[in-house]
Amino acid sequence: MSHTDMSPRIERSLDGEWSFCTDPNDDGSARGLQDPGHAWPDDTETVTVPHAWQEDDTYRGYTGTAWYRTSVDYDGRGDRVFLRFGAVDYEATVYVDGEQVGENNNGYLPFEVEITDAITTGETVVAVEVTDPEDLQEIPHGKQGTPWYTRSSGIWQSVTLESRATTFVDDLKATPNLDKDTVALDIAVDGPTEGVDASVTVTQDGQEITTANCAIDDGEAVCTVHMDDADYWTPDDPTLYDVSVKLGADGDVIDVYDDYFGMRSISVDSDRLYLNGDPLYIRGALDQAYYPDTLYRPFEDGLFEYEVETAKEMGFNMLRKHIKPAHPDFIEAADRLGLLVWEEPANPDVYTERSKTEVRDQLRGMIERDYNSPSVVIWSLYNEEWGIGLDQEDYSDHDGRLWNDAEKQAYLTELFEETKELDPTRPICDNSGWAHVATDLNDYHEYFVSPDRAQAWDDDLDDIVA
């Protein structure tokens, strides 16, 4: 998502040098580390955000709390001011000039905190307390940690300071209808809306395609625009449309919000998948998306474009981004270059009320972030019962497994239905690879060495098809 130069919004990157120190006793706030005038410990280091502390061998095994701090020279512009974080793993508490302004607990998705009442013109100190606990069992973490991959803790995606008008566009959902060649736009508006009007403009390669005015009612503006002779998005022809929403009052533009979408549909029946109404044949691969030195982050510019292009050159048309939300820059590259993406939340280890709530919250946030991306065509809820079956080390007692537990089956069915309400436009896989309860897709995880066990694979494939 980007904002044009004409936008009244002012966005400033806070990426770069921050102070960093660990807090093994978890008493940093009691010691005043959030306060601008408080001296930090002697072992404080300078790190470059985005930053995961495990990228430094010194902290490879560290779990618990750490602190980040930076100074911002704020020029006073904007009626409302926000700090926006791409992702912080895991629990984040944000302070501005010593005042706590917000907190978040989701290691993979964006969040923002309003700091209008806390920030002052001139130098402002931003501090972030980050806790990644040793026990991850109830936390959606995917393959982070033993025995899979190195953890990724800290402010591992970008941070921005954003100034906005009192009333601004908070979100935009674009839902194409290929049967009617229309796009339904659902626009969320934050702030007072009396006397405020909304208009949208759709362009392609800088050329205006269509415009519409949208009435705002109770913080929401809904309108439908016609896309005559639209170019449909496919992996071979990944056509994107830009959409710009303007809010006006008394003849002045008070906010501009930009995004993009693709004219694309994905559907299923009992036989197959369909892309834009045409049969879709998948050749996909599982993508873990971990890197030796930078963990979750790309280690060089253009990496995600290289990955998408390489996958396509190898004959794949889909990647399943495994067991954690994909990096947003990867999704953007897949949208632009044309690659289908199967996306899923990170999973916890155990089945508890907390773990269920956190999976629900992550699903909602992932769908909200990537709803407009045409490359994303499938959601998973769980992978191989991780977080809904037994603990990962114990598969011997089948009583707690999904196929024998009516309560878990009811929960998964409910989650499937909730997710379908959030996004009725994409197929959903309830529990990838194993027992299925309520699902648009039946998939089975089978691993065979070829050619040694080619016959065993053929036999299993016959059983699966049957």
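In this report, the structure presented in the accompanying data block is examined.

1. Some thoughts on the overall build of the chain
Point 1. Secondary structure summary: the chain contains 6 helices and 26 strands in total.
Point 2. Scaling as 2.2 N^0.38, a compact globule of 466 residues should have a C-alpha radius of gyration of about 23 Å, and the chain matches this with 23 Å.
Point 3. Viewed in the frame of its principal axes, the chain has a C-alpha envelope of about 70 × 60 × 45 Å.
Point 4. Burial status across the chain gives 53% buried among its 466 residues.
Point 5. Sequence-distant contacts in the chain: of pairs separated by 6 or more residues, those separated by 24 or more amount to 68%.
Point 6. For the chain, the accessible surface area stands at approximately 21300 Å², while carbon and sulfur atoms represent 43% of it.
Point 7. If you average the places of the 33 positive and of the 102 negative side-chain charges in the chain, the two averages end up 2 Å apart.

2. A short note on the state of the cysteines
Point 1. Applying the stated criterion across every chain yields a total of 1 disulfide.
Point 2. Disulfide partner of Cys-214: Cys-223, at an S-S distance of 2.1 Å.
Point 3. Among the residues examined, Cys-223 registers a relative accessible area of 8% and is labelled buried.

3. Details of the sheet that holds strand β20 (residues 273–275)
Backbone-to-backbone hydrogen bonds pair the strands of a sheet. The strands run either parallel or antiparallel.
Point 1. Taken together, 3 strands build an open sheet; the order of strands is β19-β20-β21 and the sheet is antiparallel. Pairing within the sheet leaves two strands with one partner each, and these edge strands are β19 (266–268) and β21 (278–280). Neighbour to neighbour, the strand axes of the sheet diverge by 40 degrees on average, direction disregarded.
Point 2. As paired strands, β20 and β21 are joined by 3 bridges and run antiparallel to one another. Residue Leu-275 lies in a different strand from β21, and its bridge partner there is Asp-278.

4. Here's the deal with the sheet that holds strand β5 (residues 80–85)
Point 1. The strand order β1-β10-β5-β8 describes an open sheet built from 4 strands, whose pairing is antiparallel. Edge positions in the open sheet fall to β1 (10–13) and β8 (111–114), since each of these has one partner strand only. Shown here is a sheet whose adjacent strand axes are inclined to one another by a mean of 20 degrees, direction ignored.
Point 2. As judged from the 4 bridges shared by β1 and strand β10 (residues 159–164), these two strands associate in the antiparallel manner. Bridge pairing in β10 places Arg-12 opposite Leu-161.

5. Thoughts on the packing of helix α4 (residues 353–370) against helix α5 (residues 406–422)
Point 1. Across the interface, α4 lies against α5 with an axial gap of 11 Å and an inter-helix angle of 20 degrees. Between α4 and α5, the interaxial angle falls into the category roughly parallel. When you trace α4 past α5, the crossing you get is right-handed. Where α4 abuts α5, its residues Lys-356, Val-359, Arg-360, Leu-363, Arg-364 and Ile-367 lie against Glu-407, Tyr-411, Glu-414, Leu-415, Glu-418, Thr-419 and Leu-422.
Point 2. When the residues that make up the contact of α4 with α5 are grouped by side-chain class, the tally is 6 nonpolar, 1 polar and 6 charged.

6. Here we look at the environment of Asp-205
Point 1. The topology assignment puts Asp-205 in the loop between β13 (196–204) and β14 (207–214).
Point 2. Taking relative accessible area as the criterion, Asp-205 reaches 73% and is therefore assigned exposed.
Point 3. Remark: the alpha-carbon pair of Asp-205 and Asp-242, spanning 37 residues in sequence, is separated by 8.2 Å.

7. Quick word on the nonpolar core
Point 1. Core analysis: the largest hydrophobic core is formed by 40 residues, its most contacted members being Phe-330, Leu-339, Leu-381, Tyr-382, Ile-388 and Leu-415.
Point 2. At the level of secondary structure, the elements contributing two or more residues to this core comprise α2 (303–313), α3 (328–337), α4, β25 (376–383) and α5.
Point 3. Each residue touching Ile-388, except ones within four places of it in the same chain, is listed here: Tyr-351, Tyr-382, Gly-400, Leu-402, Lys-408, Tyr-411 and Leu-412.
Point 4. Counting 31 residues, the second-largest nonpolar core is a separate cluster that includes Trp-18, Val-47, Val-96 and Ala-118.

8. Overview of the packing of α2 against α3
Geometry of a packed helix pair, given as the angle between the helix axes and the separation of the axes.
Point 1. The contact between α2 and α3 brings their axes to 9 Å, and the two run at 45 degrees. As the angle between them shows, α2 and α3 are arranged oblique. In the crossing of α2 with α3, the sense of the turn from one axis to the other is right-handed. Packed against α2, whose contacting residues are Phe-304, Glu-305, Glu-307, Val-308, Glu-309 and Lys-312, the element α3 presents Asp-329, Phe-330, Ala-333, Ala-334, Arg-336 and Leu-337 at the interface.
Point 2. Residue composition of the contact of α2 with α3, by class: 6 nonpolar, no polar and 6 charged.

9. Quick word on the environment of Arg-9
Point 1. Counting through the fold element by element, Arg-9 comes out in the segment before β1.
Point 2. In this structure, the C-alpha to C-alpha distance between Arg-9 and Ser-153, residues 144 residues apart in sequence, is 30 Å.
Point 3. Polar side-chain contacts of Arg-9 include one of 2.5 Å to the backbone oxygen of Val-169.
Point 4. Of note is the side chain of Arg-9, whose polar atom sits 2.7 Å from the side chain of Asp-255.

Calculation criteria
Residues numbered from 1 in each chain as written. Predicted model: local features only at pLDDT ≥ 70, side-chain atom pairs only at ≥ 80, totals over all residues. Heavy atoms only, no water. Helix = DSSP H or I, 4+ residues; strand = E, 2+ residues; numbered from the N terminus. Rg over C-alpha atoms; globule rule 2.2 N^0.38 Å. Buried < 20%, exposed > 50% of the residue type's maximum accessible area, 1.4 Å probe, protein only. Contact = heavy atoms within 4.5 Å. Areas by Shrake-Rupley, 256 points an atom, 1.4 Å probe, with all protein chains shown as cover. Lys, Arg positive; Asp, Glu negative; His and termini not counted. Charge placed at Lys NZ, Arg CZ, Asp CG, Glu CD. Disulfide = S-S within 2.5 Å. Pairing = 2+ DSSP bridges. Axes fitted to C-alpha atoms, helices over the stretch in contact; angles between N-to-C directions. Parallel < 35°, antiparallel > 145°, perpendicular 65-115°, else oblique. Left-handed = near helix turned anticlockwise from the far one by under 90°. Nonpolar A, V, L, I, M, F, W, Y, C, P; charged D, E, K, R; others polar. Core = buried A, V, L, I, M, F, W, Y, C linked by side-chain atoms within 4.5 Å. Polar contact = N/O pair within 3.5 Å; in protein donor to acceptor, adjacent residues only side chain to side chain.

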